[in-house]
Amino acid sequence: MQTRYPSHTVRALVKTELVTPQTREVIQSRLDAQPDQMPRFFNEQELRTLRAVCERLIPQADRADPVNLAAALDARLADGKSDGWRYDVMPEDGEAYRRGLAGLDEIAQACFGLEFATLEGGRQDEILLAVQRSDVPEATWQRLPAKRFFEELLAELSECYYSDPLAQEEIGYVGLADAHGWRAIGLDEREEWEPEERTGDSTQGSLVRAAQTRIADAGPVAPPPRREMEVTDRLPPLPQAEAEVDAVVIGTGAGGAPLIARLAAAGLRVVALEAGQQWNPASDFATDERAQAKLFWNDERLSAGGDPLAFGNNNSGIGVGGSTLHYTAYVPRPQPDDFRLYTEFGVGADWPLSYHDLERYYDELEHFLGVSGPVPYPWGPARHTAYPLAPLPLNGAAQLMQRSCAALGIRTSPAPNAALSAPYFQAGVGWRAACTNRGFCQAGCSTGAKASMDVTFMRQARQAGAEVRPECFVTQLETDDTGRITSVVYMHDGVEQRQRCRTVFLCAGAIETPRLLLMNGLANSSGQVGRNFMAHTGLQVWGRFAEQVRPYKGIPGGLISEDTHRPTDADFAGGYLLQSIGVMPVTYASQTGRGRGLWGAALRDHMQGYNHTAGINILGDCLPYAQNCVELSDEADARGLPKPRIHFTQGVNEQRMTAHAEKLMRAIWTEAGGHDVWAFPRFAHTIGTCKMGRDAAQSVVDHDGRAWDVPNLYIMDNSVFPSALSANPALTIMALSLRTADRFLERARRGEV
């Protein structure tokens, strides 16, 4: 299976206008990097062992310029960077690596009388395999879980190696080419499903030749002037006085942004506090996975329970726009019976409102955001209005799934995506460009085609007069004798600030929202703050195919089926949807390490088939369980605040649903001619923890999002979901946000706030 491009493809490509300036800077710096050979974190003994481990896990004897994986890990630990979570059973990163490397040397000495680095490769592999299988004495590992240590080490090294541009080149990935990108590169021909070029660039032929020629022959091609996407605000000055405002909104993601825009448009004085930065997509978002790690919530969370969850890039975001900065823009509506889970099945919980309470907001959102989707949509109630844009083209994975499902009698449809299939004029925002089908949707969209909150509602909010304060981390909610919140306290540049307000809207997500409430002892007379944490069942099934799929091309979730919404042969409550999925190389390498445990030559051989890989996953219901919860740990973060610990264990219902879906997805890929089919266990989204309900004794907020215990506190994010719904949550979070704003404004007009 030939996937390797001729050498110097990437080196030539970054010299052309097919790569944006910010991408060029990131890739070129990585190509030119001279890693520090002096250890900054590990001692010399530890570094010798680590280097030997790296050589076995990611062999690079065939490379003239190998990636210094040991130096990269050493630098990351020395800089104290976290990927946003760790297993609760593991010590802190640095300590875990020190113990693990010492444990390898102890085993080597005990078994062979030598340190690990001096053993021949076969014996090193024996030791590593024993660690991977947890077939080592517990005492040797000082109570360090061997399997977890190996998994973390392998995932980190895999991510580091396949972040290297030349490692990506060897597996046939050139997705770093932006805009018309790969469609203009002779090495990566336009697929039949891809739209024709919109550009009339007469220099395209020379650029193709340049991308195929060694740098010495081709020379650099100067990039053209680039018109940056308009950003109407730069960081506003922080207040010099503590003037009271009508509303403080904490969080600017799917829960906060629509609400901010609505309140500001109504004439309220609104201050939005966001823990992360304000980004300019056109200049800040490189087409590079590692460079966009800045969009993930990387403050460390502790993951516990029988099925501990991955956070960081999986389930959280930071920056103006929140998690929508890196969501895939997959926006199917839930169906009416999703809101009646307890009524339908006798388990879980019903919502205190219905689909019809949100229907007009779904309509409004689909048109404001510019959702691309089919007419008609095959499942759920008939829509009052059609999707405003035609569906995005189906990529390789979607077409494979579509053909196979048709043969098996499973209905499919192009999926609704909040990404533009054509240029679109958005009220209060202006024109947004069409999607270029580069597939980089699980990260920040540099073109603005993806409807993240920063380029949609937050622009509208600022035009209406809202003040947005980035890099402001909220720590306290101060109250008066009546229990009303009077001020919000936050940190900015290490300095404590205070904003007086009449009302607070807490929209920080299903982990940070309960964490803030628990730290402040608020809104918890029911004991439900932090309880009923849920995560969608999200099993992925991958297959290898004879034809080129190129999983980095096109909208990742191009095809959907909701025929499994309520399967007739189900032995579980609720249901799930199926979707085709694309994947970037770093993410796929990490999942291969974690899910299959491949390392050494087996890992690199497997990754050679990257361009022939296609995936399907489910998005399924999850029941609320009291023992699945967010709590405060006794471990402090860099701000001195308690880190959140998240307990999650799937129940029998989730196990049965996943088994049902895995059998079906394997059948789909078998019918499509797939081989080497494998499943990656996964849970997606953070849901629950501040339940919405009709009974103050059993919930945290009422059906309008108003806290039972604190009259001027509203909570509006995925934490208020009473059940998970068998659909992606973003659209429903936005709908609830708009509804909460409207209900609040109605109360304000009546003088009840």
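One structure accompanies this document, and this report is about it. This structure is a prediction, so every number in the text was calculated from the model and none was measured. (Residues numbered from 1 in each chain as written. Predicted model: local features only at pLDDT ≥ 70, side-chain atom pairs only at ≥ 80, totals over all residues. Heavy atoms only, no water.)

1. Re the overall build of the protein chain
Argument step 1. A count of helices and strands for the protein chain gives 21 helices and 21 strands.
Argument step 2. A burial count over the protein chain gives 61% of its 753 residues as buried.
Argument step 3. Taking the intrachain contacts of the protein chain between residues at least 6 apart in sequence as the baseline, contacts between residues at least 24 apart amount to 75%. (Helix = DSSP H or I, 4+ residues; strand = E, 2+ residues; numbered from the N terminus. Buried < 20%, exposed > 50% of the residue type's maximum accessible area, 1.4 Å probe, protein only. Contact = heavy atoms within 4.5 Å.)

2. So, the sheet that holds strand β4 (residues 301-304)
Argument step 1. One open sheet holds the four strands; their spatial order is β1-β4-β18-β17, and the pairing between them is mixed. Looking at strand neighbours, the two that pair on one side only are β1 (85-87) and β17 (629-636), the edges of this open sheet. Going across the sheet, the axis of each strand differs from the next one's by a mean of 30°, ignoring polarity.
Argument step 2. Bridge count for β1 against β4 is three bridges, and the pairing is parallel. Looking at β4, one finds that R86 is bridged to L302. (Pairing = 2+ DSSP bridges. Axes fitted to C-alpha atoms, helices over the stretch in contact; angles between N-to-C directions.)

3. As for the side chain of S303
Argument step 1. With respect to the helices and strands, S303 occurs in strand β4.
Argument step 2. Its relative accessible area of 2% is what places S303 among the buried residues.
Argument step 3. When neighbours within four sequence positions are excluded, S303 is seen to be in contact with W85, R86, Y87, D88, P308, L309, F311 and I646.

4. Some words on the nonpolar core
Argument step 1. The biggest cluster of nonpolar side chains holds 171 residues, and the ones touching the most others in it are L263, L517 and L713.
Argument step 2. Top contributing element to this core by residue count: helix α21 (residues 730-749), with ten residues.
Argument step 3. Membership of the second largest hydrophobic core comes to 24 residues, among which are I410, L539, F572 and M657. (Core = buried A, V, L, I, M, F, W, Y, C linked by side-chain atoms within 4.5 Å.)

5. Observations concerning helix α5 (residues 93-112)
Argument step 1. With 20 residues, α5 extends 28 Å between its outermost C-alpha atoms, agreeing within 8% with the 28 Å of an ideal straight helix rising 1.5 Å per residue.
Argument step 2. Considered for burial, the residues of α5 that qualify are G94, A96, Y97, G100, L101, G103, L104, D105, I107 and A108.
Argument step 3. Buried residues along α5 sit in contact with α3 (44-57), α4 (69-78), α6 (121-132) and α7 (146-161).
Argument step 4. G113 lies just past α5 and shows a positive phi near 75°. (Expected span 1.5 Å × (residues − 1).)

6. Notes on the packing of helix α14 (residues 355-369) against α21
Argument step 1. Their axes nearest at 9 Å, the elements α14 and α21 cross at an angle of 110°. Taken together, the axes of α14 and α21 lie roughly perpendicular to each other. As for the relative orientation of α14 and α21, their crossing is right-handed in sense. Between α14, through D357, L358, R360, Y361, Y362, E364, L365, E366 and L369, and α21, the contact on the second element is made entirely by L731, T732, M734, A735, L736, L738, R739 and D742.
Argument step 2. Residue classes in the contact of α14 with α21 are distributed as ten nonpolar, one polar and six charged. (Parallel < 35°, antiparallel > 145°, perpendicular 65-115°, else oblique. Left-handed = near helix turned anticlockwise from the far one by under 90°. Nonpolar A, V, L, I, M, F, W, Y, C, P; charged D, E, K, R; others polar.)

7. Quick notes on the packing of helix α11 (residues 257-265) against α21
Argument step 1. It is the contact of α11 with α21, at a shortest axis distance of 8 Å, that shows an interaxial angle of 30°. Between α11 and α21, the interaxial angle falls into the category roughly parallel. At the point where α11 passes α21, the crossing takes the right-handed sense. Contact with α11, carried on its side by P258, L259, R262 and L263, involves M734, S737, L738, T740, A741, D742, F744 and L745 of α21 and no other residues of that element.
Argument step 2. Looking at side-chain class alone, the contact of α11 with α21 contains eight nonpolar, two polar and two charged residues.

8. Notes on unusual backbone geometry
Argument step 1. Omega for the peptide link from V375 to P376 comes to -5°, which places this bond in the cis form.
Argument step 2. One non-glycine residue, N437, lies in positive phi territory at about 65°.
Argument step 3. Assignment of secondary structure puts N437 in the loop between β7 (430-432) and α16 (457-463).
Argument step 4. The residue H685 is not glycine, and still its phi comes out positive at about 75°.
Argument step 5. Its location among the elements puts H685 in strand β20 (residues 683-687).
Argument step 6. Taking relative accessible area as the criterion, H685 reaches 21% and is therefore assigned partly exposed.

9. Considerations on the pairing of β20
Argument step 1. Of all the five residues making up β20, four are buried; the element is thus mostly covered by neighbouring parts of the structure.
Argument step 2. With three bridges connecting them, strand β12 (residues 534-537) and β20 associate as antiparallel partners. Counterpart to M534 in the pairing with β20 is I687.

10. Digging into the side chain of H660
Argument step 1. Secondary-structure assignment places H660 in helix α20 (residues 652-671).
Argument step 2. Under the relative-accessibility criterion, H660 is labelled buried at 18%.
Argument step 3. Those residues within four positions of H660 in sequence are excluded, and the remaining contacts are P567, D569, F572 and Y576.

11. Some remarks on the pairing of strand β10 (residues 485-492)
Argument step 1. Of all eight residues that make up β10, six are buried, and the element is covered over most of its length.
Argument step 2. Sheet analysis places strand β9 (residues 473-479) next to β10, joined by six bridges and oriented antiparallel. Residue pairing for β10: Q476 is matched across the bridge by V489.
Argument step 3. Counting the residues that bridge the hairpin from β9 to β10 gives five residues, and of these G483 lies at a positive phi of roughly 90°.
Argument step 4. What sits between β10 and strand β11 (residues 495-506) in their antiparallel hairpin is a turn of two residues, with D493 showing a positive phi close to 55°.

12. Comments concerning the environment of W431
Argument step 1. Here W431 is to be found in strand β7.
Argument step 2. Each C-alpha atom, one on W431 and one on G448, is 9.6 Å from the other, the two residues being 17 residues apart in sequence.
Argument step 3. Excluding anything up to four places from it in sequence, W431 contacts P423, Y424 and F425.

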